[in-house]
Structures are given as C-alpha cells and as structure tokens.
Amino acid sequence: MLVIATALQAQDPELSADSLPAMSRSFLGTSRAEAVVRRVSRLGNASAALQRVYGDGEWTMLWSRDGAVTPSARAMIDALQRIDERGLEPADYDVDRLRKLADTKLYSENDRAEFDAMLTMASLRALRALHDGRVVETDSASLRPARDTIMADYTSEVRAMASSKTPATVLDAAEPVSEQYRLLKGTLGSWRAQARTDSAARGKLSRILLTMERERTLRQQDGSPSIVVNIPEFRLRAQVDGGEADADAVTMDVVVGVAARHRTPVMSDTIEYIVFAPYWEVPASIVQSELLPIARRDPYLLTMNNYQIVDRRGRTLPATAASVKAVIAGRARIRQLPGGTNSLGRVKFMFPNADDVYLHDTPMQNDFARTRRDQSHGCVRVADPVALARLLLRDQPEWTATAIEAAMNGTTPVTVKLTRPVPVHLTYATAVAREDGSVAFFEDIYGLDAELARKLALAYLYR
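Residues numbered from 1 in each chain as written. Predicted model: local features only at pLDDT ≥ 70, side-chain atom pairs only at ≥ 80, totals over all residues. Heavy atoms only, no water.

1. Thoughts on the overall build of the chain
Stage number 1. Secondary structure summary: the chain contains 16 helices and 17 strands in total.
Stage number 2. Expressed as a percentage of the 463 residues in the chain, the buried residues total 51%.
Stage number 3. Expressed as a percentage of contacts within the chain between residues at least 6 apart in sequence, the contacts between residues at least 24 apart total 69%.
Stage number 4. Carbon and sulfur atoms make up 50% of the accessible area of the chain, which amounts to about 21,600 Å² in all. (Helix = DSSP H or I, 4+ residues; strand = E, 2+ residues; numbered from the N terminus. Buried < 20%, exposed > 50% of the residue type's maximum accessible area, 1.4 Å probe, protein only. Contact = heavy atoms within 4.5 Å. Areas by Shrake-Rupley, 256 points an atom, 1.4 Å probe, with all protein chains shown as cover.)

2. A few points about the pairing of strand β10 (residues 332-336)
Stage number 1. By the criterion of burial, β10 is predominantly enclosed, with four of the five residues buried.
Stage number 2. For strand β7 (residues 280-281) and β10, the ladder comprises two bridges, and the chain directions are antiparallel. Directly across from E281, in β10, lies its bridge partner R335.
Stage number 3. Here five bridges tie strand β8 (residues 307-311) to β10, and the two strands are oriented antiparallel to one another. Residue pairing in the sheet places D311 in a bridge with A332 of β10. (Pairing = 2+ DSSP bridges.)

3. A word on the packing of aromatic side chains
Stage number 1. Evaluated as defined, the whole model comprises three aromatic pairs.
Stage number 2. With 5.9 Å between their ring centres and 25 degrees between their planes, Y428 and Y446 make a pair best called stacked. One end of the pair, Y428, is in the loop between β15 (414-427) and β16 (431-433); the other, Y446, is in the loop between β17 (439-441) and α16 (448-461), and 18 residues separate them in sequence.
Stage number 3. The exposure class of Y446 is buried, given its relative accessible area of 3%.
Stage number 4. Sitting over the face of the ring of Y279, R335 holds its NZ or CZ atom 3.8 Å from the ring centroid.
Stage number 5. The ring of Y358 carries K348 above its face, with NZ or CZ at 5.4 Å from the centroid. (Phe/Tyr/Trp six-rings, centres within 6.5 Å; stacked < 30°, edge-to-face > 60°. Lys NZ or Arg CZ within 6 Å of the ring centre and 35° of its normal.)

4. Brief notes about the packing of helix α11 (residues 284-297) against helix α13 (residues 321-328)
Stage number 1. Remark: α11 packs on α13, axes separated minimally by 10 Å, with the N-to-C direction vectors making an angle of 160 degrees. With respect to α13, the element α11 is oriented roughly antiparallel. Between α11 and α13 lies a crossing of left-handed hand. Note on element contacts: α13 touches α11 through V324, V327 and I328, opposite V287, L292, A295 and R296. (Axes fitted to C-alpha atoms, helices over the stretch in contact; angles between N-to-C directions. Parallel < 35°, antiparallel > 145°, perpendicular 65-115°, else oblique. Left-handed = near helix turned anticlockwise from the far one by under 90°.)

5. A look at the pairing of strand β5 (residues 249-257)
Stage number 1. Direction of pairing for strand β4 (residues 235-239) relative to β5: antiparallel, over a ladder of five bridges. Each bridged residue has a counterpart across the sheet, and for A238 the counterpart in β5 is V250.
Stage number 2. As judged from the two bridges shared by β5 and strand β14 (residues 380-382), these two strands associate in the antiparallel manner. Looking at the pairing, V255 lines up with R381 of β14.
Stage number 3. Taken together, the two bridges between β5 and strand β13 (residues 374-376) define a ladder with parallel strand orientation. Bridge pairing in β13 links V256 to D374.

6. Some thoughts on α13
Stage number 1. When α13 is considered as a whole, its buried residues turn out to be S323, V324, A326 and V327. Buried residues along α13 cover an arc of 155 degrees about the axis, so they all sit on one side. Counted as exposed and oriented over 90 degrees from the buried face of α13: A322 and K325.
Stage number 2. Just downstream of α13 lies G330, where phi reads positive at about 85 degrees. (Arc of directions from axis to C-beta.)

7. Observations concerning the environment of A48
Stage number 1. Counting through the fold element by element, A48 comes out in helix α3 (residues 46-54).
Stage number 2. Judged by relative accessible area, A48 falls into the partly exposed class, the value being 22%.
Stage number 3. C-alpha of A48 to C-alpha of D153: the two residues are 105 residues apart in sequence and 9.4 Å apart in space.

8. Brief notes about unusual backbone geometry
Excluding glycine, residues mostly carry a negative phi; peptide bonds, for their part, are mostly trans.
Stage number 1. The residue A277 is not glycine, and still its phi comes out positive at about 45 degrees.
Stage number 2. By the secondary structure assignment, A277 is in the loop between β6 (267-276) and β7.

9. Observations concerning the side chain of R373
Stage number 1. Positionally, R373 belongs in the loop between β12 (359-360) and β13.
Stage number 2. Within polar-contact distance, the side chain of R373 engages the backbone oxygen of F234 at 2.8 Å.
Stage number 3. Excluding residues within four positions of it along the chain, R373 makes contact with E233, F234, D253, V254, V255, V256, D367 and F368. (Polar contact = N/O pair within 3.5 Å; in protein donor to acceptor, adjacent residues only side chain to side chain.)

10. Some remarks on the environment of R381
Stage number 1. Residue placement: R381 occurs in strand β14.
Stage number 2. With 36 residues separating them in the primary sequence, R381 and G345 have C-alpha atoms 9.1 Å apart.
Stage number 3. The contact partners of R381, leaving out residues within four places of it in the chain, are D253, V254, V255, H360, T362, M364, D367, F368, Q375 and S376.
Stage number 4. In this structure the side chain of R381 is engaged in a polar contact, spanning 3.0 Å, whose partner is the side chain of D367.

11. A look at the pattern of salt bridges
Stage number 1. By the definition in use, this model includes 28 salt bridges.
Stage number 2. Of the charged contacts in the structure, one is a salt bridge between D449 and R214, with a shortest N-O distance of 2.7 Å. Note that D449 is positioned in helix α16 and R214 in helix α10 (residues 199-218), a separation of 235 residues in sequence.
Stage number 3. Residue classification places D449 among the buried positions, given a relative accessible area of 6%.
Stage number 4. Of the charged contacts in the structure, one is a salt bridge between R434 and E233, with a shortest N-O distance of 4.0 Å. Pair noted here: R434 is in the loop between β16 and β17 and E233 is in the loop between β3 (226-230) and β4, with a separation of 201 residues, a long-range link.
Stage number 5. Judged by relative accessible area, R434 falls into the partly exposed class, the value being 31%.
Stage number 6. Where salt bridges share partners, they join R86, D172, E175 and K185 into one cluster. (Salt bridge = Lys/Arg side-chain N within 4 Å of Asp/Glu carboxyl O.)

So, to be careful, I would describe these as geometric facts and stop short of saying anything about function.
Next up, the structure:
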C-alpha cells in the first residue's frame, strides 16, 4: 500500500504514507505501480477508497493467490469487458491491461499490487458509474472534477465480487431498476451495430447512452406513484398505485420553459397540495420585465387585465401611480385574480421548491397545438388539468368530478392538501424506448445532452 501512498503523495503533499495500511516497504517507488495509482487516484479519493477496501492491517490480496489470478478476478475482468452492454465503455476500466496481467504469472509484489489495486479500483469505478453516474460535482470555472470528491463506499460489494464466481450479479444489483432503463439497455446491441457504419445512428446511440446516464442519477422506482414530465418530449405521464388501468394512469401534453430564457429545471420533488382558482403571485422578474413598463404608462391597464396591487399587509391598493411606485420600492406586490384569464388557469399543483416552479392549467390552449412547446416562464403547463386533479384526489371521495369542476370555476382560491403526496420528476430524456424495441428521439432543446457529454469527456480526461 505504500507504493500507492508514495504516488499519491506526489500529487497531494498533505497525504502521508503513514495514514495508509502497512505493506512491505521493499518495493517503494516503482514506476509501474506509481503509474497505475496516478490513473486511479484522479477519480475520487483513491487512498480513502482503497483503505476502506483493504483495511488498516497488512494488505491481503483480493484477486490473486500466490501470484495466480483467482477465478473471481477472471470473471470480473470478463464482466468489465462486457460493460458496454450496460452503456459504459470497457476501455475506461483498464480492461486490456488487466487481461494482460491476468494472463501472466504475477511473480513480484509489484505485479500483484498493481493488479490488485487496478482491478479493485476498476470494480469500484464500475459500481459507482452504474449506481450513481459518472459525472462528479465540478469546479464552476473549469468544469474539472472536484478534487475533494469522495468515492462512495462500495467496500462490501467489492469484497463480495472478489469472492464470487459470478461477480457480474453485483453489477446487476447496482443498476437502476426502472423500466425505461431496462428498455434502453435492451436496444444497445442493435444501435451499436448500426453505429459502426452509420453516423446518424452514432448520434442516436449517444442520446441513448446519455439518457441512461441520467437514469442512473434519478434512481426512480418503477411501480411507485409518480408524475414524470419529460421536458424535451413535452409530455407528462402520471401513475398511481402502481396501476396500469385508465383510472390509475394518465398521459398528456405539456408546455415547458423557453429554452433561451426560462428553462424548466430538472428536479425531483413531491406534490403536496392543489390550489383551485388560484391567484397568480407574479414573480419579481416578470413584474420588472413585463408588468412595470405597462403600469408606468397607465396603471389602470393592470386592472383591465385582472391584476391587483397588494401591500405587505395584504390590502388591495388602487391602480395609481403611487401604488406602482410602492411596487418599485418593494413595499407592494402584483398578483392576478382567479378566473379564466389567470395565467395559471384554474388550478395549480404545488411542490414547494427553491426554483418556484409547479404544474398548472393555462388559458393559452393554442400552445398545445405547437410541435415545439417551450413557451412558459419555467413552470409546466398541463393540457388536461381536470384528469390530473382527479387522479391526485382519487382517494379523497368528497372531491368528485363535479366538485373539482366547481372549485376550478370558482372565484375564491381553495387549497386541498393531498392525503397521499405524490413524487414528481421533471426529467430530461432525448431517447425514450418502447416495449416493441423501438426508440423515439427528441431534440436537445436545452443543450443538456451536449453539456453532459462534455462533462463526461472531462471526467475521463482528468480521472
């Protein structure tokens, strides 16, 4: 282990060899061992990861016995060789070097240490990639992976693989269980074959791989109640109770945030309550950019469009120049009254979050006829709010279809807390697989595929 400590100390002067497990000191400083450690240490904290696996005592080899590579090690190398079937690349896990070492007798302590460290780190990195994704937090200025990122602790999994005849089953368990991930994974073979001779297919394969990468970070559980909005598809799918019947699932078109200015964020949260006949509390940014220029010309135009000026105590102010000055000074705000012209429509579905986005109805029904539907300020407009409300209130019998319609068409806001809050995922998938093996592809409207591809390339470069 001191071989590894020496190499790491060259990169990080604060790292002490004494902080790592003891190992024979007779082979310090060999260039080959230092080279492998330089490679593995750049993806996460290699010293900490290896110390967790090997412990604080003498370093016992996991993957070889008396210089002979174990059957588990060979099976693990085979699993890494086939990791492209999981959407990753074998070359990223030093497969060629590992196989070359495995095919020779590991006579020296250096060879055994190099092989063990390399295979352990390859196993750790594969587990991390499959379970958490490959992109780590980055420095905002350079996009380089953060140096203080700590690799997740997969000690027990690595040890299980090192003693198993079928270590690939541990990799299986690390992958997402979502149906979409499974379907995309099932298409990889055919798309890789097409990509060898077709540049268009290579582009589509890239979208599949990037979508699988995002699935690894989302970790959505199939069968659990959830609402999923796929931003580039402009589509919402809602399912409750794990059911497939019409009463338990709805799908509908949506409008999302404008790509150039008001992107809908990728996020996960929980819908906690519904507001029928809502006020629209106009965000300060929209007040500044859109409403104040109108109000300065003629404050009465706010009234004409069903806006109110409200002071800090909740009192409605007259639409005058003085009231507009109060808004400018931050002593008052602007909201839009409930009703058919309200920008939120007749209902909003709330999951309180820092981005202040939510799902809501809209009076602008013509937007749903567009092919490209990035038209909002960031919130998600839904095409069939009645169906969504009925689904979310399915176990609150007092909220019948008639009651929902009446509340939506009222003039006073009504807030209804869900007895069973439902997870909501605003996702970004430019490839969606179907049960028949086909894949639908969508435009990268926010450029997030390109951004993720760049981060993956940098993660590889600086690993």
